[in-house]
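Inside the fold
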Amino acid sequence: MIPGEFIYHRPSSVAEAVSLLVSHGDEARPLAGGHSLIPMMKLRMAAPEHLIDLSGVADLKGMQEVGDTIVIGAMTTQHELVNSDLLIAKLPIIRETSLMIADPQIRYMGTIGGNVANGDPGNDLPGLMQCLNAVYVLAGPDGEREVAARDFYEAAYFTALAPEELVTAVKIPTPPAGHGFAYEKLKRKVGDYATAAAAVLVTMSGDTVSSCSVALTNVADTPLYAAQASEILNGSTLDADTVTRAVAAAEAITMPAADGRGPAEYRTKMAGVMLERALARAAERAKG
Amino acid sequence: MSEIEQIPVTMTVNGKKVQRFVEPRTLLIHFLREDLNLTGPHIGCETSHCGACTVDMNGMSVKSCTLFAAQANNAELTTIEGMANADGTLSALQEGFRQMHGLQCGFCTPGMITRAHTLLQENPDPTEEEIRFGIAGNLCRCTGYQNIVKAIQYAAAKLNGRDYQEAAE
């Protein structure tokens, strides 16, 4: 399997990368870790005439805490997310989730920007970013703009990202210390996309939930922020009745495809099971 | 004939500096096997699942079937051909794979050993669970995982100055 021909570009700045995207339009594709794009190119399902390798853009690397926000450069790899002391201390759910992406080799190459920008409903980070209420920074010919992860995804592989724009960073509000979290993913084997997965972030005040956020992965064309389920859980004591109602509300918004991972009804049910497990584990971890 | 201009790539492979012109679409696995005659890294699935093409690039295990040679420009690469000790004797990992019968058909072995090499660089004394998680990107179709794990444990023990007591399955 050999990809079609293309001209290789390796810009060293965001401005240069954007100007290449502008001049080549639909014929250009940015290359991050390449583990979604290169397989598609090998199958000739993608045949960009210009490939813009972002690995030389230093500004897209690294992460830092700015006030009450953690800013992660788009070219930060999943391996770097897993091993970041900052994230382990402040946002451990990112490590937990990243460790469930693909396999070690792919995590060395795969990036947060590629994972969130590609619009593949099977990717794990988009749902997580919706749970965390992250914002994506997009750079285009007219400068920067920000789009919330919860507004970014339109359909499978269709997002708010314009062809001449790049995701340059992900901004995540730092959750309060002592928050509970869990990412539960059901998969057939290591490296598989989720049959269904759920991300939960919860803060407790004593026995009461003071804030809760829930999102689901790979049970629709897009990741799903489960607004109603989050609302039901908010202010509750996570008693069985409330959890049952929240799970039902989350299941109600799923629209999974029937595929090798199972029939649609099964995947909807598994989204509920993942949510229930994630809630239990997040509550156990929360220090209220 | 292609109208696309070839591009220069320079890299250090198994300690030796190489410089070639390649078509931009050349995958690293093809560059290694066909341009450099390093046929240790294998083409298994060609879809980034099996890990037979694994090589070390700048201290990272990568699947060379899912990387353009151009992306490895200026990188330091190690393939199975670069795994033996400088004096030509087997490295601890190679010895482990021999002693513990860590291979049957042998097709996955170059990828397994190169991956295990990088794993042990990062985590010199891994638990069995960490080894299994660490080689999750490498498939053995003979399903000889028990002995592959033991081979890596053997190497870790040796590198940490311990004797490995277990026998191969």
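Basis of the calculations
Residues numbered from 1 in each chain as written. Chains lettered and ligands numbered in written order. Predicted model: local features only at pLDDT ≥ 70, side-chain atom pairs only at ≥ 80, totals over all residues. Helix = DSSP H or I, 4+ residues; strand = E, 2+ residues; numbered from the N terminus. Buried ≥ 20, exposed ≤ 12 C-beta atoms within 10 Å, placed from the backbone. Contact = placed C-beta atoms within 7 Å. Domains from an automatic or database assignment. Nonpolar A, V, L, I, M, F, W, Y, C, P; charged D, E, K, R; others polar. UniProt positions renumbered as here; feature names shortened; annotations may be inferred. Pairing = 2+ DSSP bridges. Axes fitted to C-alpha atoms, helices over the stretch in contact; angles between N-to-C directions. Arc of directions from axis to C-beta. Core = buried A, V, L, I, M, F, W, Y, C linked by C-beta atoms within 7 Å.

As recorded in an unreviewed UniProt entry, chain B goes by (2Fe-2S)-binding protein and comes from Roseibium polysiphoniae.

Per an unreviewed UniProt entry, chain A is named Xanthine dehydrogenase family protein subunit M, and its organism is Roseibium polysiphoniae.

What follows covers the overall build of chain B. Helix and strand counts for chain B come out as five helices and five strands. Looking at chain B as a whole, 48% of its 169 residues are labelled buried. Intrachain contacts of chain B at a sequence separation of at least 6 include 57% that bridge at least 24 residues.

All names here are of chain B. Split into domains, chain B comes out as domain 1 (7–82) and domain 2 (92–159). Across the contact, 18 residues belong to domain 1 and 13 residues belong to domain 2. The leading source of residues in the side of domain 1 that touches domain 2 is strand 3 (residues 54–57), at three residues. In terms of residue class, the side of domain 1 that touches domain 2 is made up of seven nonpolar, 10 polar and one charged.

This paragraph deals with the environment of Ala47(A). Residue and element names in this part refer to chain A. Within the secondary structure, Ala47 is located in the loop between helix 2 (37–42) and strand 3 (50–53). Ala47 gets classed as partly exposed once you count the C-beta atoms within 10 Å, which come to 14. Spatially, the C-alpha atoms of Ala47 and Arg29 are 9.1 Å apart, while their sequence positions differ by 18 residues. If sequence neighbours within four positions are ignored, Ala47 has contacts with Gly4 and Met41.

The next thing to look at is the UniProt feature "domain: FAD-binding PCMH-type" (unreviewed entry) in chain A. As annotated by UniProt and renumbered to match this structure, "domain: FAD-binding PCMH-type" (unreviewed entry) occupies residues 1–177 of chain A. In residues 1–177 of chain A, the share of helix is 33% and the share of strand is 25%. The end C-alpha atoms are 49 Å apart.

Residues and elements named next belong to chain B. Reading across the sheet, the five strands line up as 2-1-5-3-4 and stay open at both edges, with mixed pairing between neighbours. A single partner strand is all that each edge strand has here, and the edge strands are strand 2 (16–22) and strand 4 (60–63). Sheet twist, expressed as the average angle between the axes of neighbouring strands with direction ignored, equals 40°. Examined bridge by bridge, strand 1 (residues 7–13) and strand 5 (residues 76–78) share two bridges and lie parallel to one another. Paired with Val13 across the bridge in strand 5 is Leu77.

So, about helix 1 (residues 28–35) of chain B. All names here are of chain B. Those residues of helix 1 not exposed but buried are Leu28, Ile29, Phe31 and Leu32. The buried residues of helix 1 all sit within an arc of 165° when viewed along its axis, so they share a single face. Considering only its buried residues, helix 1 is in contact with strand 2. Downstream of helix 1 by a residue or two, Asn37 has a phi angle that is positive, lying close to 60°.

With that settled, the discussion passes to the nonpolar core. Soluble, globular proteins show a tendency: their nonpolar side chains are buried together. Grouped together as the largest cluster of nonpolar side chains are 137 residues, with contacts concentrated most on Val170(A), Ala198(A), Val200(A), Val214(A), Leu216(A), Ala250(A) and Ala278(A). Beyond its immediate chain neighbours, meaning those up to four positions away, Val200(A) contacts Cys131(A), Phe181(A), Ala182(A), Val214(A), Ala278(A), Leu279(A) and Ala282(A).

Hydrogen bonds between backbone groups are what pair the strands of a sheet, and the pairing can be parallel or antiparallel. Residue and element names in this part refer to chain A. Within the open sheet, the four strands sit side by side as 11-12-13-14. Their pairing is antiparallel. A single partner strand is all that each edge strand has here, and the edge strands are strand 11 (180–186) and strand 14 (224–225). Where strand 13 (residues 208–217) meets strand 14, two bridges bridge the pair, whose relative direction is antiparallel. Along strand 14, the bridge assignment pairs Leu216 with Leu224. Lying over the sheet, helix 12 (residues 264–285) contacts strand 11, strand 12 (196–205) and strand 13, oriented at roughly 30° with respect to strand 12.

Frequently, the measure chosen for interface size is the accessible area removed from exposure when the parts meet. At the interface, 22 residues of chain B touch 22 residues of chain A. For the side of chain B that touches chain A, the element with the most residues is strand 4 of chain B, which contributes four residues. Looking at the side of chain B that touches chain A residue by residue, the class counts come to eight nonpolar, 11 polar and three charged.

Turning our attention to helix 1 (residues 14–24) of chain A. Residues and elements named next belong to chain A. Every buried residue of helix 1 is listed here: Ala17, Val18 and Leu21. All buried residues of helix 1 fall inside an arc of 95° around its axis, so they share one side. The inward-facing, buried residues of helix 1 abut strand 2 (28–31), strand 3, strand 6 (135–140) and strand 10 (166–173). Following helix 1 by one or two positions, Gly25 has its phi on the positive side, about 50°.

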